Amino acid sequence: MPPTDLPPWPTWPVAHRPVVLRQFSDRDVAMAREASTDPYIPLIATLPPNATEQEAQAWIDRQRGRLAEGVGFSFAIAEADTDRAVGDIGLWLTGLRQGRATVGYSIVPSARGRGLAAAALIAVTGFAWTIPALHRIELYIEPWNEGSVRTAERAGYQREGLLRSHQEIGGRRRDMLLYATVREA
C-alpha cells in the first residue's frame, strides 16, 4: 500500500490516562535500551538484544519512518504526567484496503504491572476508529503471555481463536491467540 493511502499523523493528543502516545524522540534511547534487555521483546521486534546506544537510536529512527514507509503508526507510549517513554505501540495498516489493521505493543520491564499497556491499547484503538476505512483491529498473543491476554481483554478485545503454527519467533513456529475488536455499526 503506498504511503499516500494512509491517514496523516494525528494533530491531537492520542491519550488515555495515564499514558499519551506520541512520536519517538532522541530522548527515548534509554527506554529502547531497557526494552532490549528483556528476553522476549527483541524476538518480536527489530530491536537487537542488549542494544548499544547507537543501535537503540537506529531503532528509534526506524520507528519514526514507519508512516512514510506506508506501514502504519509507531507510537512511543509515554507517562502522561512525565512524558517518560515506557514502551511502544504500533497500529499497522498494511491491510487497510481490506478494512483491517493489526496492533502490537510492549512495555519496558520497570514499568509493567501498572495498566500502561491496556491504557495505550485503548488510546490507539480510539485513534484507529478515526480512520473511516478501518473496520477490524487484530492482535496476536502467544498463549503463555497471560499479561498480554489481560491487556487485550481490559481494552475490550475479544478472543477469536488459536492460530496454530502462525508465526516464527526466535527461530521457532509459534501458536498465537487471535484477539480482535470490530467497529460498531
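As a reminder, the structure under discussion sits directly above these lines.
Calculation criteria
Residues numbered from 1 in each chain as written. Predicted model: local features only at pLDDT ≥ 70, side-chain atom pairs only at ≥ 80, totals over all residues. Heavy atoms only, no water. Pairing = 2+ DSSP bridges. Helix = DSSP H or I, 4+ residues; strand = E, 2+ residues; numbered from the N terminus. Axes fitted to C-alpha atoms, helices over the stretch in contact; angles between N-to-C directions. Salt bridge = Lys/Arg side-chain N within 4 Å of Asp/Glu carboxyl O. Buried < 20%, exposed > 50% of the residue type's maximum accessible area, 1.4 Å probe, protein only. Expected span 1.5 Å × (residues − 1). Arc of directions from axis to C-beta. Contact = heavy atoms within 4.5 Å.

A. Spotlight on the sheet that holds strand β7 (residues 158-169). What the eight strands build is an open sheet, ordered β1-β2-β3-β4-β5-β6-β8-β7; its pairing is mixed. The open sheet has two edge strands with one neighbour each: β1 (14-16) and β7. Direction aside, neighbouring strands of the sheet carry axes that sit 30° apart on average.

B. Examining the pattern of salt bridges more closely. Applying the stated rule across the entire model yields 12 salt bridges. Ionic pairing is found between Arg 64 and Asp 61, a salt bridge with its closest N-O pair at 3.0 Å. On the criterion of helical spacing, the pair formed by Arg 64 and Asp 61 is a turn pair, its members being three residues apart in helix α3 (residues 53-64). Among the ionic pairs, Arg 114 bridges to Glu 79, the shortest N-O distance being 2.8 Å. Taken together, the residues Arg 114 in the loop between β5 (100-107) and α5 (116-128) and Glu 79 in strand β3 (residues 72-79) connect sequence positions 35 residues apart. In the salt-bridge network here, residues are joined through shared partners; they are Arg 22, Arg 27, Asp 28 and Asp 83.

C. Representation of the environment of Gly 95 in the model. Mapped onto the elements, Gly 95 comes out in the loop between β4 (85-92) and β5. With relative accessibility at 15%, the residue Gly 95 sits in the buried group. Linking Gly 95 and Leu 134, residues 39 residues apart in sequence, is a C-alpha distance of 9.0 Å.

D. The arrangement of α5 in detail. Look at α5: 18 Å from first C-alpha to last across 13 residues, which is about the 18 Å you get at 1.5 Å a residue. Of all the 13 residues making up α5, 11 are buried; the element is thus mostly covered by neighbouring parts of the structure. Looking only at α5, the buried set comprises Leu 116, Ala 117, Ala 118, Ala 119, Ala 120, Leu 121, Ala 123, Val 124, Thr 125, Phe 127 and Ala 128.

E. Spatial organisation of the pairing of β7. Note: β7 against strand β8 (residues 172-182), eight bridges, orientation antiparallel. Each bridged residue has a counterpart across the sheet, and for Ile 169 the counterpart in β8 is Arg 172. Connecting the antiparallel pair β7 and β8 is a turn made up of two residues, with Gly 170 showing a positive phi of about 60°.

F. Structural detail: α3. In a regular helix each residue adds 1.5 Å, so 12 residues correspond to 16 Å; α3 covers 17 Å between its end C-alpha atoms and thus fits that length. Residues of α3 that are buried include every one of Ala 56, Trp 59, Ile 60 and Gln 63, and no others. Considered in projection along α3, the buried side chains sweep an arc of 100° and stay on one side of the axis. Tucked into the core, α3 has its buried residues touching α1 (29-36), α4 (66-69), β3 and β4.

G. Quick look at the side chain of Gln 63. Residue placement: Gln 63 occurs in helix α3. With near-sequence residues (within four places) excluded, Gln 63 lies in contact with Phe 24, Thr 46 and Ser 74.

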